[in-house]
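Structural overview
Now for the letters of each chain:
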Amino acid sequence: MLLIFVPKLTNRAGYTINVVMRDLLQTDFAITTDPRAFANHDGPRLWYAYKPLENCDAPFVKAAKLLFETTIEEQDCHPFTYAGTTVLFPVYGRGSALPFDPFAATFFMLSRYEEYLPHRTDIHGRFMATESLAYREGFLQTAVVDRWALMLKDILVERYPELTFRSRAFMFEQTIDIDAAYCYLHKGIFRTVMGVLRDGIHRHDPEEVRHRMRVLMKKEEDPYDTFDYILRLSQQYSYRSNLIFFALMGDYGIYDKPASPHCSEFRQLLQHLGDYAKMGVHGSYYSAEEPSRMGKEIERLSDILHRSIVRNRFHFLRFNLPYAYRNLLQNNILHDYTMGFAEMPGFRCGTCTTVPFFDLNSDQESTLSIHPFVAMDTTFHTHMGVTPDEAKRHLHTLVDEVRAVDGTFSCIFHNQNLSDDFDWKGWRTVYEDLLEYATRHNDGQTNTKNTN
């Protein structure tokens, strides 16, 4: 077992070392603040402090101050390139096994430290990718946190070949957001009539009216009803165990246009999906700052599925720290899948590994698990404006990066965007290509039994 010395066991230090050693490197370890206990340990050791220990042959990693502070203030991370990867928090002087502090750098990224500092937001109040250090320094598409951990592993393995690390495996996780289950069906009389008028009068599109009427008369499938297609593809590529649907259960409004939770067809659809995949709530536009609203939406989905709801992704990826995550904890949500950017693909918190949420304001690790996603369909189509073929190339590069660190490639698609209709014609090929490409890199998960 690896023994790690720290001069002071703060909440920041404990959290970060736990994540690096337990979640990223998956090795057995213990932490001590007692130099005597460290000196007497006859197994693998790591000295993490401001100064090296005299007459000690254990690897020394020089500490920056970040993990031993309690304030939240501007950090000069001094990014530079080491071993082909951008690193943060350089350390100076002789003796350190690495020229930077991998623990401080990891904490800065995972805690989303920069999102607690003053920053610009977009029209939805979201922290923008362009405000992030990762974007400015060009490492947004690199899983830097995972790579920093591997650098530390190499140093430990070189010194202690007997030290064991449990192996990780590349995982593929597809998540489907159900913003609108139906394009035309099950809207109610008022919304249906208004839709016909909008198509015929404002859009001057008689073909759209005819299309709508054919669907309403059950002569054609509703274009947004792509769920059998999704399940069929998931079964074909053996990914049902890694398929999650997030259902929007909020009230109808400017930004939220879900099916009614009282609609029997919608309820049956969600129950059907729940038989084959994991389910979560898609917290509505204003739910991030309103715990009672979030609670009502969770209760609606729970009532339909007859099970506890423990997963969430906020609609529009709209959340702020730490309040949105405190809201989830208040509502007994254990897993959040919102950590990513709307306008750019990449690694918002620097990792493709599930990690606990650390509340920087209260200086505490929480029971909420953060599942970062790497890419979203609307990012490529709407924000970047690339072609389907260009999107495929972007996704291949991102899959390769996640595969290189044996992480989890989590992506977002929307059922309506897989309709192969309207502005999304041709984009089904992106979804199918990603499933096929990830299969070539998959270590072989074939369990189709759902665990909710």
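**Some points on the packing of helix α8 (residues 227-236) against helix α9 (residues 264-274)**
At a closest axis distance of 12 Å, the pairing of α8 and α9 adopts a crossing angle of 0°. Regarding the angle of α8 to α9, the classification is roughly parallel. Counted together, F227, D228 and L231 of α8 and L269, H272 and L273 of α9 form the full contact between these two elements. Per-class residue counts for the contact of α8 with α9 are four nonpolar, one polar and one charged.

**Structural notes on the sheet that holds strand β1 (residues 2-5)**
Across the sheet, four strands lie side by side as β2-β1-β3-β4; this open sheet has parallel pairing. With partners counted over all chains shown, the strands left at the sheet margins are β2 (29-32) and β4 (60-62), one partner each. Across this sheet, the average inter-strand angle for adjacent strands is 20°, counted without regard to direction. Where strand β3 (residues 45-49) meets β4, three bridges bridge the pair, whose relative direction is parallel. Bridge assignment links W47 to a residue of β4, and that residue is F60. Lying on the sheet, helix α1 (residues 11-24) is in contact with β1, β2 and β3; it crosses β2 at an angle near 160°.

**So, the pattern of salt bridges**
Inspection of the entire model under this criterion finds 22 salt bridges. Where E220 meets R214, a salt bridge forms, and the shortest distance between an N and an O atom there is 2.5 Å. The exposure class of E220 is partly exposed, given its relative accessible area of 31%. R318 is the partner of E289 in a salt bridge, and the nearest nitrogen-oxygen pair spans 3.0 Å.

**Re the nonpolar core**
In terms of nonpolar packing, the biggest core is built from 139 residues, with M21, L88, W148, F245, L270 and F409 touching the most fellow members. Top element by residues in this core is helix α5 (residues 144-159). It accounts for eight residues. Those residues in contact with M21 that lie beyond four places of it in its chain are L2, I4, Q26, T27, F29, L46, F103, L152 and L156. Among the nonpolar cores identified, the runner-up in size contains five residues, and L317, A342, M376 and I412 belong to it.

**Details of the packing of α1 against α5**
Where α1 contacts α5, the two axes come as close as 11 Å, and the packing angle between them is 80°. One way to sum up the angle between α1 and α5 is to call them roughly perpendicular. From α1, V20, M21 and L24 reach across to α5, where they touch V145, D146, A149, L152 and L156. Its residues assigned to classes, the contact of α1 with α5 shows seven nonpolar, no polar and one charged.

**Description of unusual backbone geometry**
Along the chain, L321 connects to P322 via a cis peptide bond; the corresponding omega equals 0°. Within the secondary structure, P322 sits in the loop between β10 (311-312) and α11 (323-330). Positioned with a positive phi, N55 is a non-glycine residue whose angle comes to about 55°. The topology assignment puts N55 in the loop between β3 and β4. Residues other than glycine seldom take positive phi values, yet A83 does so here, at roughly 50°.

**Observations regarding empty space enclosed by the protein**
Considering all chains together, one arrives at three cavities of 30 Å³ or more under this definition. The computed volume of the largest cavity comes to approximately 70 Å³. Every residue lining the largest cavity is listed: D122, R126, F127, M128, L317, F319, G340, F341, A342, E343 and R348. Classifying every residue of the lining of the largest cavity by side-chain character gives six nonpolar, one polar and four charged.

What counts, and at which threshold
Residues numbered from 1 in each chain as written. Predicted model: local features only at pLDDT ≥ 70, side-chain atom pairs only at ≥ 80, totals over all residues. Heavy atoms only, no water. Axes fitted to C-alpha atoms, helices over the stretch in contact; angles between N-to-C directions. Helix = DSSP H or I, 4+ residues; strand = E, 2+ residues; numbered from the N terminus. Parallel < 35°, antiparallel > 145°, perpendicular 65-115°, else oblique. Contact = heavy atoms within 4.5 Å. Nonpolar A, V, L, I, M, F, W, Y, C, P; charged D, E, K, R; others polar. Pairing = 2+ DSSP bridges. Salt bridge = Lys/Arg side-chain N within 4 Å of Asp/Glu carboxyl O. Buried < 20%, exposed > 50% of the residue type's maximum accessible area, 1.4 Å probe, protein only. Core = buried A, V, L, I, M, F, W, Y, C linked by side-chain atoms within 4.5 Å. 1 Å grid on protein atoms, 1.4 Å probe; cavity = no way out; pocket = protein on both sides within 12 Å on 5 of 7 lines; lining within 4 Å. Points joined across faces, edges and corners; volume = space filled by probe spheres on them.

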